[in-house]
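Survey of secondary and tertiary structure
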Amino acid sequence: MSGKWTEVEVALDDDEIVTRVRAGDRGAYDLLVARHTASAYRTAVLLGAGSDAEDVIQEAFVKAYRKLSRYRGEASFRSWLLAIVANESRNLHRSRGRRDGLALRAAAADPATEATAGDGLDAVLAAERRAALVGALRRLPDRDRDVIACRYLLDLTEDETGTVLGLPRGTVKSRAHRALAKLRGLLDHEAVRRG
């Protein structure tokens, strides 16, 4: 495979492409990279990689290629890859020894969240709500931010979130419930504070 793929190659599912890569078709991995770069990048940004997101996903794709023999297909390739991205994002946090503003970067990285109303007042109110949400997300503990990012910002299923974060499905469900309750509490507190 090269940078141009046939309809048949594009129609292959990830497991079929992984089989090709394992059989020695190194170019097939390029198709997996092309398919999953956007979600890998978004995951890295939402989990705090910020301006280092490209480095994180590059390292994640290299590690995934090297560890492809360990991929068993128990979870989707996407979930398995995003778990590597999550680990690389955590490694980045440890190596630089400081916390990044996950939600701020997520809001900046997702232009779809911008207010589209022509009315300036609507845009100002939307910006204030977004700023309050960003502030509340920044005050959550990492584990709560991570589960909210996976479940609600990346729109992963509970099983996919479990794979990415290395948690059982039940833990994902309960942690997401508690994290949302904390987030609501922080938002309510901020609304009362602002009057």
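Scroll up for the structure.
Definitions and limits used
Residues numbered from 1 in each chain as written. Predicted model: local features only at pLDDT ≥ 70, side-chain atom pairs only at ≥ 80, totals over all residues. Heavy atoms only, no water. Phe/Tyr/Trp six-rings, centres within 6.5 Å; stacked < 30°, edge-to-face > 60°. Buried < 20%, exposed > 50% of the residue type's maximum accessible area, 1.4 Å probe, protein only. Helix = DSSP H or I, 4+ residues; strand = E, 2+ residues; numbered from the N terminus. Arc of directions from axis to C-beta. Polar contact = N/O pair within 3.5 Å; in protein donor to acceptor, adjacent residues only side chain to side chain.

**Observations regarding the packing of aromatic side chains**
Applying the stated criterion across every chain yields a total of four aromatic pairs. Ring centres of Tyr-71 and Phe-77 lie 5.8 Å apart, and the angle between their planes is 85°; this geometry places the pair in the edge-to-face category. Neither residue differs from the other here; Tyr-71 and Phe-77 are each classed as buried. Ring centres of Phe-77 and Trp-80 lie 5.7 Å apart, and the angle between their planes is 45°; this geometry places the pair in the tilted category. Here Trp-80 and Phe-77 lie together in helix α5 (residues 77-96), a separation of three residues that amounts to about one turn. The pair Phe-77 / Trp-80 is uniform in exposure class, with both members buried.

**A look at unusual backbone geometry**
With phi around 60°, Asp-155 is a residue other than glycine that occupies positive phi space. On the accessibility criterion, Asp-155 (64% relative accessible area) is exposed.

**Here we look at helix α2 (residues 14-22)**
Residues of α2 that are buried: Asp-14, Ile-17, Val-18 and Val-21. On an axial view of α2, the arc spanned by its buried residues comes to 105°, and they lie on one face. At the N-terminal boundary of α2, the capping side chain belongs to Asp-13, with an oxygen 3.2 Å from the backbone nitrogen of Asp-15. Backbone geometry just after α2 places Gly-24 at a positive phi near 110°.

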